[in-house]
Amino acid sequence: MRPPDASFIRRCMKRYYFERFDMIELPSDMPKREFGFRRADSGMVRHLQLHDSADLRVLLLQAVPLEVYVSNARYLLPSQPIPEKVWEDAHLIFDIDAKDLDLECRPSHTVASCERCGHGTSGPCERCGHRGIRKTSVACPSCMRAAGDQADRLLDILADDLGVREGVRVYFSGNEGFHVHVHDEQLARLGAAERVELADYVAFRGMLPERLGVARDGASSLPRPSEGGWRGRFAREVLGSKAGRSRTAREISSGGYDAFARRVEGMTSGLGVRIDPGVTMDVHRIFRMPGTVNGKSGMAKVPCADLKRFDPYVSAVVFSDEPVHIRASCPVSFRMMKRRFGPYANEYVRVPAYAAAYMVCKGLAHVVE
Ligand SMILES: [Zn+2]
Ligand SMILES: [Zn+2]
(Lines give C-alpha, C1' and ligand atoms only; values in the text may rest on other atoms or scores of the structure.)
(Ligands and ions follow the chains in the order given, each with its own letter.)
Protein backbone atom coordinates (compact mmCIF):
# COMPACT_ATOMS: atom_id res chain seq x y z
CA MET A 1 0.00 0.00 0.00
CA ARG A 2 1.29 3.50 -0.87
CA PRO A 3 1.93 5.70 2.18
CA PRO A 4 -1.04 8.10 1.56
CA ASP A 5 -3.36 5.09 1.06
CA ALA A 6 -2.05 3.37 4.18
CA SER A 7 -2.46 6.49 6.30
CA PHE A 8 -6.03 7.04 5.03
CA ILE A 9 -6.99 3.43 5.92
CA ARG A 10 -5.25 3.82 9.26
CA ARG A 11 -7.27 6.98 10.03
CA CYS A 12 -10.55 5.24 9.14
CA MET A 13 -9.67 2.22 11.29
CA LYS A 14 -8.54 4.29 14.25
CA ARG A 15 -11.75 6.29 14.24
CA TYR A 16 -13.85 3.13 13.96
CA TYR A 17 -12.02 1.39 16.82
CA PHE A 18 -12.19 4.55 18.93
CA GLU A 19 -15.89 5.28 18.36
CA ARG A 20 -17.27 1.78 17.92
CA PHE A 21 -15.22 -0.43 20.21
CA ASP A 22 -18.59 -1.86 21.32
CA MET A 23 -18.84 -3.60 17.90
CA ILE A 24 -16.00 -5.92 18.86
CA GLU A 25 -16.99 -9.24 20.30
CA LEU A 26 -14.63 -10.18 23.08
CA PRO A 27 -13.95 -13.92 23.27
CA SER A 28 -14.88 -15.86 26.37
CA ASP A 29 -11.86 -16.67 28.56
CA MET A 30 -9.92 -13.92 26.86
CA PRO A 31 -6.58 -14.54 28.66
CA LYS A 32 -6.57 -18.11 27.30
CA ARG A 33 -6.69 -17.01 23.65
CA GLU A 34 -3.85 -16.33 21.28
CA PHE A 35 -4.12 -12.98 19.48
CA GLY A 36 -2.37 -11.85 16.34
CA PHE A 37 -2.38 -8.90 14.00
CA ARG A 38 -0.93 -7.61 10.79
CA ARG A 39 -0.15 -4.03 9.87
CA ALA A 40 -0.15 -2.65 6.33
CA ASP A 41 3.63 -2.39 6.31
CA SER A 42 4.70 -5.51 8.21
CA GLY A 43 4.27 -9.23 8.55
CA MET A 44 2.13 -11.15 10.98
CA VAL A 45 2.63 -10.76 14.70
CA ARG A 46 1.14 -13.62 16.69
CA HIS A 47 1.37 -15.53 19.98
CA LEU A 48 0.10 -12.49 21.87
CA GLN A 49 -1.82 -12.75 25.11
CA LEU A 50 -4.37 -10.06 25.99
CA HIS A 51 -6.00 -10.09 29.40
CA ASP A 52 -9.02 -7.86 28.98
CA SER A 53 -10.79 -5.34 26.79
CA ALA A 54 -8.41 -2.58 27.93
CA ASP A 55 -5.45 -4.55 26.50
CA LEU A 56 -7.27 -4.96 23.22
CA ARG A 57 -8.25 -1.30 23.06
CA VAL A 58 -4.61 -0.29 23.51
CA LEU A 59 -3.54 -2.67 20.73
CA LEU A 60 -6.19 -1.39 18.31
CA LEU A 61 -5.60 2.30 18.96
CA GLN A 62 -1.80 2.20 19.13
CA ALA A 63 -0.83 -0.40 16.52
CA VAL A 64 -3.97 0.24 14.38
CA PRO A 65 -3.60 -3.15 12.67
CA LEU A 66 -4.97 -3.85 9.20
CA GLU A 67 -6.13 -7.29 10.35
CA VAL A 68 -6.83 -8.62 13.86
CA TYR A 69 -6.99 -12.30 14.69
CA VAL A 70 -7.85 -14.44 17.70
CA SER A 71 -7.58 -18.19 18.25
CA ASN A 72 -10.67 -20.35 18.44
CA ALA A 73 -8.55 -22.45 20.79
CA ARG A 74 -8.05 -21.93 24.49
CA TYR A 75 -4.57 -22.53 25.83
CA LEU A 76 -2.97 -22.66 29.23
CA LEU A 77 -0.04 -20.59 27.90
CA PRO A 78 -1.26 -18.73 24.78
CA SER A 79 1.87 -16.61 24.33
CA GLN A 80 4.20 -19.64 24.04
CA PRO A 81 5.14 -21.27 20.71
CA ILE A 82 2.49 -23.77 19.54
CA PRO A 83 4.11 -26.95 20.95
CA GLU A 84 4.30 -25.36 24.41
CA LYS A 85 0.93 -23.60 24.56
CA VAL A 86 -0.93 -26.57 26.17
CA TRP A 87 -4.09 -26.79 24.06
CA GLU A 88 -7.35 -27.12 25.99
CA ASP A 89 -10.08 -26.95 23.37
CA ALA A 90 -11.17 -24.99 20.31
CA HIS A 91 -14.65 -24.10 19.18
CA LEU A 92 -15.52 -25.42 15.76
CA ILE A 93 -15.32 -23.06 12.78
CA PHE A 94 -16.53 -23.38 9.20
CA ASP A 95 -15.41 -21.05 6.43
CA ILE A 96 -17.46 -20.48 3.29
CA ASP A 97 -16.05 -18.20 0.58
CA ALA A 98 -17.74 -17.12 -2.65
CA LYS A 99 -14.46 -17.57 -4.52
CA ASP A 100 -14.62 -21.34 -3.94
CA LEU A 101 -18.12 -21.76 -5.39
CA ASP A 102 -17.23 -21.73 -9.13
CA LEU A 103 -19.97 -19.21 -9.84
CA GLU A 104 -20.64 -18.07 -13.39
CA CYS A 105 -20.70 -14.40 -12.39
CA ARG A 106 -17.09 -14.40 -11.11
CA PRO A 107 -15.31 -13.34 -14.34
CA SER A 108 -17.74 -10.44 -14.82
CA HIS A 109 -16.67 -8.78 -11.56
CA THR A 110 -13.06 -9.89 -11.29
CA VAL A 111 -10.65 -7.07 -12.07
CA ALA A 112 -7.04 -7.61 -13.10
CA SER A 113 -4.60 -4.79 -12.49
CA CYS A 114 -0.88 -4.13 -12.31
CA GLU A 115 0.54 -5.11 -8.92
CA ARG A 116 2.89 -2.13 -8.88
CA CYS A 117 0.94 0.84 -10.26
CA GLY A 118 -2.70 -0.32 -10.15
CA HIS A 119 -3.26 0.27 -13.86
CA GLY A 120 -6.06 -1.96 -15.19
CA THR A 121 -4.40 -4.60 -17.37
CA SER A 122 -4.43 -8.32 -18.04
CA GLY A 123 -0.90 -8.68 -19.47
CA PRO A 124 2.38 -6.87 -18.77
CA CYS A 125 1.52 -3.33 -17.66
CA GLU A 126 1.26 -0.84 -20.51
CA ARG A 127 2.04 1.99 -18.13
CA CYS A 128 4.99 0.78 -16.08
CA GLY A 129 6.08 -2.46 -17.73
CA HIS A 130 5.67 -4.52 -14.53
CA ARG A 131 4.60 -8.13 -15.14
CA GLY A 132 2.89 -8.97 -11.83
CA ILE A 133 -0.91 -8.98 -12.02
CA ARG A 134 -3.27 -8.83 -9.09
CA LYS A 135 -6.83 -10.10 -9.40
CA THR A 136 -9.55 -8.71 -7.18
CA SER A 137 -13.23 -9.42 -7.02
CA VAL A 138 -15.60 -6.46 -6.67
CA ALA A 139 -18.82 -6.58 -4.62
CA CYS A 140 -21.39 -8.96 -6.09
CA PRO A 141 -24.80 -9.57 -4.46
CA SER A 142 -25.33 -12.89 -6.26
CA CYS A 143 -22.01 -14.22 -4.93
CA MET A 144 -23.14 -13.27 -1.45
CA ARG A 145 -26.53 -14.92 -1.94
CA ALA A 146 -24.85 -18.12 -3.11
CA ALA A 147 -22.44 -18.08 -0.15
CA GLY A 148 -25.40 -17.39 2.15
CA ASP A 149 -27.27 -20.40 0.72
CA GLN A 150 -24.24 -22.57 1.51
CA ALA A 151 -24.20 -21.23 5.07
CA ASP A 152 -27.91 -21.95 5.37
CA ARG A 153 -27.38 -25.51 4.19
CA LEU A 154 -24.58 -25.92 6.72
CA LEU A 155 -26.91 -24.74 9.51
CA ASP A 156 -29.49 -27.33 8.42
CA ILE A 157 -26.92 -30.13 8.50
CA LEU A 158 -25.62 -29.05 11.89
CA ALA A 159 -29.15 -28.95 13.30
CA ASP A 160 -30.74 -31.97 11.59
CA ASP A 161 -27.83 -34.41 11.35
CA LEU A 162 -25.71 -33.45 14.33
CA GLY A 163 -28.33 -31.96 16.66
CA VAL A 164 -26.33 -28.74 17.02
CA ARG A 165 -28.78 -25.86 17.32
CA GLU A 166 -27.47 -23.82 20.25
CA GLY A 167 -24.37 -21.67 20.18
CA VAL A 168 -24.16 -21.46 16.38
CA ARG A 169 -23.12 -17.98 15.26
CA VAL A 170 -22.92 -16.84 11.66
CA TYR A 171 -20.68 -13.94 10.65
CA PHE A 172 -20.11 -12.15 7.38
CA SER A 173 -16.33 -12.42 6.86
CA GLY A 174 -15.98 -8.77 5.86
CA ASN A 175 -15.15 -9.61 2.27
CA GLU A 176 -16.88 -12.37 0.32
CA GLY A 177 -17.89 -15.12 2.65
CA PHE A 178 -19.30 -16.35 5.91
CA HIS A 179 -17.73 -17.82 9.02
CA VAL A 180 -19.85 -20.15 11.11
CA HIS A 181 -18.65 -20.50 14.70
CA VAL A 182 -20.04 -23.30 16.86
CA HIS A 183 -19.78 -22.65 20.58
CA ASP A 184 -20.44 -26.14 21.87
CA GLU A 185 -18.40 -27.57 24.74
CA GLN A 186 -18.39 -31.13 23.45
CA LEU A 187 -17.54 -30.30 19.85
CA ALA A 188 -14.81 -27.96 21.06
CA ARG A 189 -12.91 -30.98 22.39
CA LEU A 190 -12.75 -32.76 19.02
CA GLY A 191 -9.23 -33.41 17.76
CA ALA A 192 -7.96 -32.66 14.26
CA ALA A 193 -8.74 -36.15 12.89
CA GLU A 194 -12.35 -35.99 14.07
CA ARG A 195 -12.69 -32.52 12.55
CA VAL A 196 -11.51 -33.89 9.20
CA GLU A 197 -14.30 -36.48 9.38
CA LEU A 198 -16.83 -33.82 10.29
CA ALA A 199 -15.69 -31.55 7.44
CA ASP A 200 -15.94 -34.49 5.02
CA TYR A 201 -19.42 -35.29 6.26
CA VAL A 202 -20.65 -31.72 5.80
CA ALA A 203 -19.04 -31.56 2.33
CA PHE A 204 -20.52 -34.96 1.29
CA ARG A 205 -16.93 -36.01 0.58
CA GLY A 206 -15.90 -39.66 0.50
CA MET A 207 -19.50 -40.83 0.97
CA LEU A 208 -19.55 -44.61 0.68
CA PRO A 209 -22.29 -46.14 -1.50
CA GLU A 210 -23.03 -48.47 1.44
CA ARG A 211 -24.27 -45.47 3.43
CA LEU A 212 -26.71 -44.79 0.64
CA GLY A 213 -27.92 -48.39 0.64
CA VAL A 214 -25.81 -49.80 -2.22
CA ALA A 215 -23.48 -52.71 -1.46
CA ARG A 216 -20.84 -54.49 -3.52
CA ASP A 217 -23.06 -57.56 -3.92
CA GLY A 218 -25.58 -55.35 -5.68
CA ALA A 219 -28.39 -55.61 -3.16
CA SER A 220 -29.70 -52.10 -2.84
CA SER A 221 -32.09 -50.50 -0.40
CA LEU A 222 -32.21 -46.92 -1.58
CA PRO A 223 -32.94 -44.31 1.08
CA ARG A 224 -36.41 -42.83 1.61
CA PRO A 225 -37.11 -39.06 1.50
CA SER A 226 -38.34 -39.13 5.09
CA GLU A 227 -35.03 -40.43 6.48
CA GLY A 228 -32.64 -38.18 8.37
CA GLY A 229 -29.14 -37.07 7.39
CA TRP A 230 -27.56 -37.53 3.98
CA ARG A 231 -29.75 -40.59 3.25
CA GLY A 232 -32.89 -38.47 3.33
CA ARG A 233 -31.27 -35.53 1.56
CA PHE A 234 -29.96 -37.87 -1.15
CA ALA A 235 -33.43 -39.37 -1.59
CA ARG A 236 -35.09 -35.96 -1.81
CA GLU A 237 -32.55 -34.14 -3.94
CA VAL A 238 -31.09 -36.85 -6.18
CA LEU A 239 -33.57 -39.70 -6.43
CA GLY A 240 -36.59 -37.41 -6.38
CA SER A 241 -39.82 -38.93 -7.63
CA LYS A 242 -40.83 -42.58 -7.71
CA ALA A 243 -39.72 -42.70 -11.36
CA GLY A 244 -36.32 -41.30 -10.37
CA ARG A 245 -35.94 -44.00 -7.72
CA SER A 246 -36.69 -46.83 -10.11
CA ARG A 247 -34.43 -45.35 -12.78
CA THR A 248 -31.56 -45.23 -10.25
CA ALA A 249 -32.32 -48.79 -9.14
CA ARG A 250 -32.11 -49.95 -12.78
CA GLU A 251 -28.83 -48.07 -13.27
CA ILE A 252 -27.35 -49.76 -10.21
CA SER A 253 -28.34 -53.24 -11.36
CA SER A 254 -26.90 -52.69 -14.84
CA GLY A 255 -23.90 -50.43 -14.09
CA GLY A 256 -22.93 -51.97 -10.78
CA TYR A 257 -21.37 -50.67 -7.60
CA ASP A 258 -18.37 -48.91 -9.15
CA ALA A 259 -20.45 -46.86 -11.57
CA PHE A 260 -22.71 -45.78 -8.71
CA ALA A 261 -19.69 -44.94 -6.54
CA ARG A 262 -18.32 -42.70 -9.31
CA ARG A 263 -21.71 -41.05 -9.70
CA VAL A 264 -21.88 -40.34 -5.98
CA GLU A 265 -18.35 -38.94 -6.01
CA GLY A 266 -19.33 -36.61 -8.84
CA MET A 267 -22.13 -35.21 -6.69
CA THR A 268 -19.87 -33.92 -3.92
CA SER A 269 -19.72 -30.32 -5.12
CA GLY A 270 -23.43 -30.14 -5.88
CA LEU A 271 -24.76 -31.73 -2.71
CA GLY A 272 -22.19 -30.98 -0.05
CA VAL A 273 -21.52 -27.65 1.58
CA ARG A 274 -18.49 -25.96 0.01
CA ILE A 275 -16.49 -25.29 3.14
CA ASP A 276 -12.74 -24.77 3.30
CA PRO A 277 -11.78 -28.05 5.04
CA GLY A 278 -8.38 -26.66 6.08
CA VAL A 279 -10.06 -24.13 8.35
CA THR A 280 -12.30 -26.64 10.13
CA MET A 281 -9.52 -29.14 10.86
CA ASP A 282 -6.91 -26.65 12.03
CA VAL A 283 -7.10 -26.44 15.81
CA HIS A 284 -4.26 -23.93 16.19
CA ARG A 285 -5.41 -21.26 13.77
CA ILE A 286 -5.94 -17.62 14.56
CA PHE A 287 -9.04 -16.29 12.94
CA ARG A 288 -10.43 -12.87 12.04
CA MET A 289 -11.93 -11.38 15.20
CA PRO A 290 -15.66 -10.54 15.09
CA GLY A 291 -16.23 -6.80 14.89
CA THR A 292 -12.81 -6.00 13.43
CA VAL A 293 -12.22 -4.61 9.95
CA ASN A 294 -11.17 -6.84 7.06
CA GLY A 295 -8.15 -5.20 5.42
CA LYS A 296 -9.09 -6.70 2.05
CA SER A 297 -12.27 -4.61 1.87
CA GLY A 298 -12.46 -2.01 4.64
CA MET A 299 -15.73 -3.64 5.78
CA ALA A 300 -16.11 -5.36 9.15
CA LYS A 301 -16.67 -8.96 10.16
CA VAL A 302 -20.17 -8.68 11.62
CA PRO A 303 -22.76 -11.10 13.01
CA CYS A 304 -25.51 -12.07 10.65
CA ALA A 305 -28.72 -13.11 12.35
CA ASP A 306 -30.91 -13.55 9.29
CA LEU A 307 -29.10 -14.84 6.20
CA LYS A 308 -32.08 -14.24 3.93
CA ARG A 309 -32.29 -10.52 4.66
CA PHE A 310 -28.63 -9.78 5.27
CA ASP A 311 -27.07 -7.14 3.01
CA PRO A 312 -23.32 -7.05 3.71
CA TYR A 313 -22.92 -3.90 1.64
CA VAL A 314 -24.99 -2.09 4.28
CA SER A 315 -24.56 -4.02 7.54
CA ALA A 316 -20.78 -4.40 7.35
CA VAL A 317 -20.02 -0.86 6.19
CA VAL A 318 -18.46 0.85 9.21
CA PHE A 319 -16.43 3.75 7.86
CA SER A 320 -17.85 7.27 7.58
CA ASP A 321 -19.41 8.95 4.56
CA GLU A 322 -17.03 11.90 4.58
CA PRO A 323 -15.96 12.68 1.02
CA VAL A 324 -12.49 11.52 0.01
CA HIS A 325 -10.66 12.51 -3.18
CA ILE A 326 -9.34 9.46 -5.02
CA ARG A 327 -8.08 8.39 -8.41
CA ALA A 328 -10.09 5.26 -9.20
CA SER A 329 -9.52 2.52 -11.81
CA CYS A 330 -12.48 0.29 -11.15
CA PRO A 331 -14.04 -1.01 -14.38
CA VAL A 332 -16.89 -2.73 -12.51
CA SER A 333 -19.63 -0.77 -10.75
CA PHE A 334 -20.72 -1.78 -7.27
CA ARG A 335 -23.30 -0.83 -4.65
CA MET A 336 -22.66 0.12 -1.05
CA MET A 337 -25.10 1.75 1.37
CA LYS A 338 -27.65 1.42 -1.44
CA ARG A 339 -25.61 3.82 -3.63
CA ARG A 340 -23.99 2.91 -6.90
CA PHE A 341 -20.28 3.61 -7.49
CA GLY A 342 -18.36 3.36 -10.74
CA PRO A 343 -17.36 2.19 -13.17
CA TYR A 344 -14.29 4.44 -13.07
CA ALA A 345 -11.71 4.59 -15.84
CA ASN A 346 -8.70 6.10 -14.09
CA GLU A 347 -10.86 9.03 -12.90
CA TYR A 348 -10.48 11.61 -10.19
CA VAL A 349 -13.63 11.42 -8.04
CA ARG A 350 -14.90 12.30 -4.59
CA VAL A 351 -16.66 9.40 -2.87
CA PRO A 352 -17.64 8.61 0.74
CA ALA A 353 -14.77 7.28 2.89
CA TYR A 354 -16.32 3.78 3.04
CA ALA A 355 -16.36 3.45 -0.77
CA ALA A 356 -12.89 4.99 -1.07
CA ALA A 357 -11.56 2.54 1.52
CA TYR A 358 -13.21 -0.37 -0.27
CA MET A 359 -11.46 0.48 -3.54
CA VAL A 360 -8.15 1.37 -1.89
CA CYS A 361 -8.10 -1.93 0.03
CA LYS A 362 -8.71 -3.78 -3.24
CA GLY A 363 -5.94 -1.88 -5.02
CA LEU A 364 -8.43 -0.19 -7.36
CA ALA A 365 -7.97 3.39 -6.20
CA HIS A 366 -5.39 5.70 -4.66
CA VAL A 367 -5.97 8.61 -2.33
CA VAL A 368 -5.11 11.96 -3.87
CA GLU A 369 -2.92 13.98 -1.52
ZN1 LIG B 1 1.97 -0.82 -13.82
ZN1 LIG C 1 -20.61 -12.85 -8.32
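This section reports on the structure supplied with the text. Remember, predicted model here, so these are calculated numbers, not experimental data.

## Quick look at the sheet that holds strand β2 (residues 44-48)
Link 1 in the chain: Strand order in the open sheet formed by 4 strands is β2-β1-β3-β11, and the pairing between neighbours is antiparallel. For this open sheet the edge positions go to β2 and β11 (286-288), each flanked by a neighbour on one side alone. Between one strand axis and the next, the sheet turns through 25 degrees on average, direction left out of account.

## Some points on the side chain of Ser297
Link 1 in the chain: Positionally, Ser297 belongs in the loop between β12 (293-294) and β13 (299-300).
Link 2 in the chain: Judged by its relative accessible area of 0%, Ser297 is buried.
Link 3 in the chain: Apart from residues lying up to four places away in sequence, Ser297 is in contact with Gly174, Asn175, Ala357, Tyr358 and Cys361.

## Quick word on the nonpolar core
Link 1 in the chain: Within the largest apolar cluster, 100 residues are counted, with the highest numbers of intra-cluster contacts made by Phe8, Phe94, Phe178, Ile326 and Met359.
Link 2 in the chain: Top element by residues in this core is helix α11 (residues 353-361). It accounts for 9 residues.
Link 3 in the chain: In contact with Ile326, not counting residues within four places along its chain, are Glu347, Tyr348, Val349, Val351, Ala356, Met359, Ala365, His366, Val367 and Val368.

## Re helix α1 (residues 3-19)
Link 1 in the chain: The end-to-end C-alpha distance of α1, which contains 17 residues, comes to 24 Å, matching closely the 24 Å that a straight helix rising 1.5 Å per residue would cover.
Link 2 in the chain: Within the sequence span of α1, burial applies to Asp5, Phe8, Ile9, Cys12, Met13, Tyr16 and Tyr17. Taken end-on, α1 shows its buried residues confined to a sector of 160 degrees, consistent with a single buried face. Exposed side chains of α1 directed beyond 90 degrees from the buried face belong to Pro3, Arg11 and Phe18.

## With respect to the coordination of the zinc ion (ligand 2)
Link 1 in the chain: Summarising the metal site, the zinc ion (ligand 2) is bound by the protein donors Cys105 (SG), His109 (NE2), Cys140 (SG) and Cys143 (SG), whose distances to it range over 2.1 to 2.3 Å.
Link 2 in the chain: The coordination sphere of the zinc ion (ligand 2) comprises 4 donor atoms, whose angles at the metal cover 100 to 119 degrees; the geometry is tetrahedral.
Link 3 in the chain: One chain supplies every donor for the zinc ion (ligand 2), spaced along it as C-x3-H-x30-C-x2-C.
Link 4 in the chain: Overall, His109 belongs to the buried group, its relative accessible area being 4%.

## Observations concerning the packing of α1 against α11
Link 1 in the chain: The interhelical angle for the contact between α1 and α11, taken along N-to-C directions, is 130 degrees, at an axis separation of 10 Å. Our classification of the angle between α1 and α11 gives oblique. Between α1 and α11 lies a crossing whose hand is left-handed. When α1 is examined against α11, the residues Asp5, Phe8, Ile9 and Cys12 are found in contact with a partner set consisting of Ala353, Ala356, Ala357, Val360 and Cys361.

## Side note on the environment of Ser79
Link 1 in the chain: On the secondary structure map, Ser79 appears in the loop between β4 (73-75) and β5 (87-90).
Link 2 in the chain: The exposure class assigned to Ser79 is partly exposed, which follows from its relative accessible area of 35%.
Link 3 in the chain: When the C-alpha positions of Ser79 and Gln49 are compared, they lie 5.4 Å apart, and in sequence the two are 30 residues distant.
Link 4 in the chain: Each residue touching Ser79, except ones within four places of it in the same chain, is listed here: His47, Gln49 and Lys85.

Scoring rules and cut-offs
Residues numbered from 1 in each chain as written. Chains lettered and ligands numbered in written order. Predicted model: local features only at pLDDT ≥ 70, side-chain atom pairs only at ≥ 80, totals over all residues. Heavy atoms only, no water. Pairing = 2+ DSSP bridges. Helix = DSSP H or I, 4+ residues; strand = E, 2+ residues; numbered from the N terminus. Axes fitted to C-alpha atoms, helices over the stretch in contact; angles between N-to-C directions. Buried < 20%, exposed > 50% of the residue type's maximum accessible area, 1.4 Å probe, protein only. Contact = heavy atoms within 4.5 Å. Core = buried A, V, L, I, M, F, W, Y, C linked by side-chain atoms within 4.5 Å. Expected span 1.5 Å × (residues − 1). Arc of directions from axis to C-beta. Donors = N, O, S within 2.8 Å, 3.2 Å for Na, K, Ca; no water. Tetrahedral: all angles 85-135°; square planar, octahedral: opposite > 155°, others 65-115°. Parallel < 35°, antiparallel > 145°, perpendicular 65-115°, else oblique. Left-handed = near helix turned anticlockwise from the far one by under 90°.

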